[in-house]
Amino acid sequence: MDQDSENNDMSAKFSTLNVNAQEFVPSFCSPSTTTAPTQVAAPATAVVTTAATPAPTVPTSAPSSGGSSSGGGGAGGGGATTPTSTAATPTPPSSSAPTPMEKGDDDAVKTPENNESEPLDSWDAEEDSILTPEDEEMELEDGEVDGDAAPKVSKKKPPKVEESRSKKEHVNVVFIGHVDAGKSTIGGQIMSLTGMVDKRTLEKYEREAREKSRESWYLSWALDTNQEERDKGKTVEVGRAYFETEKKHFTILDAPGHKSFVPNMIGGAAQADLAVLVISARKGEFETGFDRGGQTREHAMLAKTAGVKHLVVLVNKMDDPTVNWDVERYNECKDKILPYLKKLGFNPLKDLTFMPVSGITGQGLRERIDDSICPWYEGPAFIPFIDELPSLNRKTDGPFIMPIVDKYKDMGTVLMGKVESGMAKKGTNLLVMPNRTQVCVDQLWSDDEEVTSVGPGENVKIKVKGIEEEDVSPGFVLCDASNPIKTGKVFDAQVVILEHKSIICAGYSAVMHIHCAAEEITVKALICLVDKKTGDKSKTRPRFVKQDQVAIMRIECSGLICLEQFKLFPQMGRFTLRDENKTIAIGKVLKVVE
């Protein structure tokens, strides 16, 4: 009985994400004529296309978004990182009417003139639409921007004719799940099976792990590289590695499973195209991870909120003596978690796949499991399966945007992150937002290989000249100098309250994670409530909102951040709110006010 009532609760909360179309109707967006996306992708690509891949095409100058000055936030690992030089940063003036709060709610909510022509505005519809953007007009504009920017580049480096660029399609895979489910071990095993870690190194790890009586941890050391992570067996930072198949280049993002490090996990999920949820089949371990307080639920939900569309669920530790490749235990784990994942909006037919594996032995990862061990599983192994997923539809002709996840000093300032849109070449002049510092690209690496140009979807390191390492914070954005991303401090957003015991009213503060930036925010005013079933907005202004309600509210950040309307660029416009170590709400930016 508890299970049923709990699933109904979840259904109520998450119906807003994908079931009922009218729920997330952006109330302050630009008129649909400019942004109505043309859904071009073939049905097959839709499966994975949406996997956290933002639209590379961002309108060059979006005057229609209410003069909003918005921008892309960066990707940030840890806790709240306030941009260092925000105090001195000139805020771009927010022109044209920023829907003053004094207006009647009706006025505030009627901005879009012809919402009917837009795709039904569930989260999924938005993602699909933005990933296969947009109007021909916009593409033309973006082309022009690229055309304008290109001469700058080519002027600088004419002698270098040889162009090196990663040829294979890049896919970013984030491993998520409860602590001790075996995420790092599976990541290490995949690297071992694909030859990315040599045998000698693994033998060294195995020897060191045995000395510490931690024999079973040695594979995870390929990703957990610092001493604290190895001593405790807990991932803290998002581990990075990569492997290649004949068709694709995969970047592994190994997210921490412990609930104290969820902010780091959100930073990893924000860069992913594909999520792999690892659950342990061992008796008791699955239940601990899935029950209240376990991280399996929260991680799956955060992956969905981060825009990951395709989810592979690996039922790990099937070789454990308590399980011994038992089909009943596999089905029990699957049947318990499936209703929850459906509530989040994952479709079992299109974007959800279950597989039994053993991380420690590597069975089911590269080769199919032997029929003598597991006769009941007919499906493919993990690596061939993700290799065969349809290509992601990435656009390279938009302005360059890369949220900064991390930075370090190495004879210059090296910035790390995932390219969300556009291309960058050696010698290009770019801008670091929100502090508007002009920099020049000195060197480029795509997953540790030096290249001369990078494109969307690649996990890159870019060495730049013109800025000191201490002047950059995770959450800043490296972008096109001729078409910088917008920045703002006050914005209107539609927010779903997921789990919060008390009420939320004006003055409430929490930490907002938008892509990889973490910023403290305060609710400035509540504008209206949105009916989940009909999408109707309340005529009167609510005095408070509580759990399971959807509200449009005005939010103020403590510093200037890069963000964008969700409608124009989902990756820069979706966020989560966290308070007291819990994810309390998810939302999307409707309009940047100032």
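Whatever comes next refers back to the structure up there.
Residues numbered from 1 in each chain as written. Predicted model: local features only at pLDDT ≥ 70, side-chain atom pairs only at ≥ 80, totals over all residues. Heavy atoms only, no water.

### Some words on the nonpolar core
For soluble globular proteins, nonpolar side chains are generally found buried alongside one another. Counting 84 residues, the largest nonpolar core has Leu341 and Phe382 as its most contacted members. Tallying contributions element by element places helix H13 (residues 327–344) first for this core, with 7 residues. In terms of nonpolar packing, the next biggest core, distinct from the first, is built from 26 residues, Ile514, Ala551, Cys557 and Val592 among them. (Core = buried A, V, L, I, M, F, W, Y, C linked by side-chain atoms within 4.5 Å. Buried < 20%, exposed > 50% of the residue type's maximum accessible area, 1.4 Å probe, protein only. Helix = DSSP H or I, 4+ residues; strand = E, 2+ residues; numbered from the N terminus.)

### So, the pairing of strand E10 (residues 429–433)
The buried count for E10 comes to 4 of 5 residues, which makes it a mostly enclosed element. Pairing of E10 with strand E11 (residues 437–446) involves 4 bridges; the strand directions are antiparallel. Opposite Leu430, over in E11, you have Val439 as the bridge partner. The turn linking E10 back onto E11 is made up of 3 residues, and Arg436 within it adopts a positive phi angle of 55°. Bridging between E10 and strand E15 (residues 477–480) involves 4 bridges; their strand directions are antiparallel. By the bridge assignment for E15, Leu430 is matched with Asp480. (Pairing = 2+ DSSP bridges.)

### Here's the deal with the sheet that holds strand E17 (residues 509–514)
Spatial ordering of the closed barrel is given by E16-E19-E18-E17-E20-E21, a layout of 6 strands whose pairing is antiparallel. Strand-to-strand twist in this sheet, taken as the mean axis angle between neighbours without regard to direction, amounts to 45°. Judged from the 8 bridges that link them, strand E18 (residues 517–530) and strand E19 (residues 550–562) form a sheet pairing that is antiparallel. Paired with Val523 across the strands is Ile555, a residue of E19. Helix H10 (residues 262–269) rests against E17 and strand E20 (574–579) of the sheet, and its axis sits at about 175° to E20. (Axes fitted to C-alpha atoms, helices over the stretch in contact; angles between N-to-C directions. Contact = heavy atoms within 4.5 Å.)

### Structural notes on the side chain of Asp351
Mapped onto the secondary structure, Asp351 falls in the loop between H13 and strand E6 (352–356). Engagement of the side chain of Asp351 in a polar contact is seen with the side chain of Lys309, the distance being 2.6 Å. One polar contact links the side chain of Asp351 to the main-chain amide nitrogen of Asn347, over a distance of 2.4 Å. (Polar contact = N/O pair within 3.5 Å; in protein donor to acceptor, adjacent residues only side chain to side chain.)

### Observations regarding the pattern of salt bridges
Pairing between side chains becomes possible if they bear opposite charge and their charged atoms approach one another. Applying the stated criterion to the full structure yields 21 salt bridges. The closest approach of N and O atoms between Lys409 and Glu470, which form a salt bridge, is 3.7 Å. Here Glu470 lies in the loop between strand E14 (459–465) and E15 and Lys409 lies in strand E7 (residues 401–409), a separation of 61 residues in the sequence. Among the residues examined, Lys409 registers a relative accessible area of 52% and is labelled exposed. Connected via shared salt-bridge partners are Arg282, Glu285, Lys317 and Asp320. (Salt bridge = Lys/Arg side-chain N within 4 Å of Asp/Glu carboxyl O.)

### Regarding the packing of aromatic side chains
Evaluated as defined, the whole model comprises 6 aromatic pairs. Both rings, one in Phe286 and one in Phe290, keep their centres 5.7 Å apart while their planes meet at 10°; by these two values the pair is stacked. In this pair, Phe286 and Phe290 both sit in helix H11 (residues 285–290), 4 residues apart, roughly one turn of the helix. For Phe286, a relative accessible area of 2% gives the class buried. For Phe290, a relative accessible area of 4% puts it in the buried group. Relative to Tyr340, the ring of Phe290 lies with its centre 6.1 Å away and its plane at 85°, an arrangement referred to as edge-to-face. Here Phe290, found in helix H11, pairs with Tyr340, found in helix H13; they are 50 residues apart in sequence, far enough to count as distant. Residues Phe290 and Tyr340 agree in their burial class; the two are buried. An aromatic cluster of at least three residues, connected via ring pairs, comprises Phe286, Phe290 and Tyr340. Residue placement shows Arg297 over the ring face of Phe290; its charged tip is 4.2 Å from the ring centre. (Phe/Tyr/Trp six-rings, centres within 6.5 Å; stacked < 30°, edge-to-face > 60°. Lys NZ or Arg CZ within 6 Å of the ring centre and 35° of its normal.)

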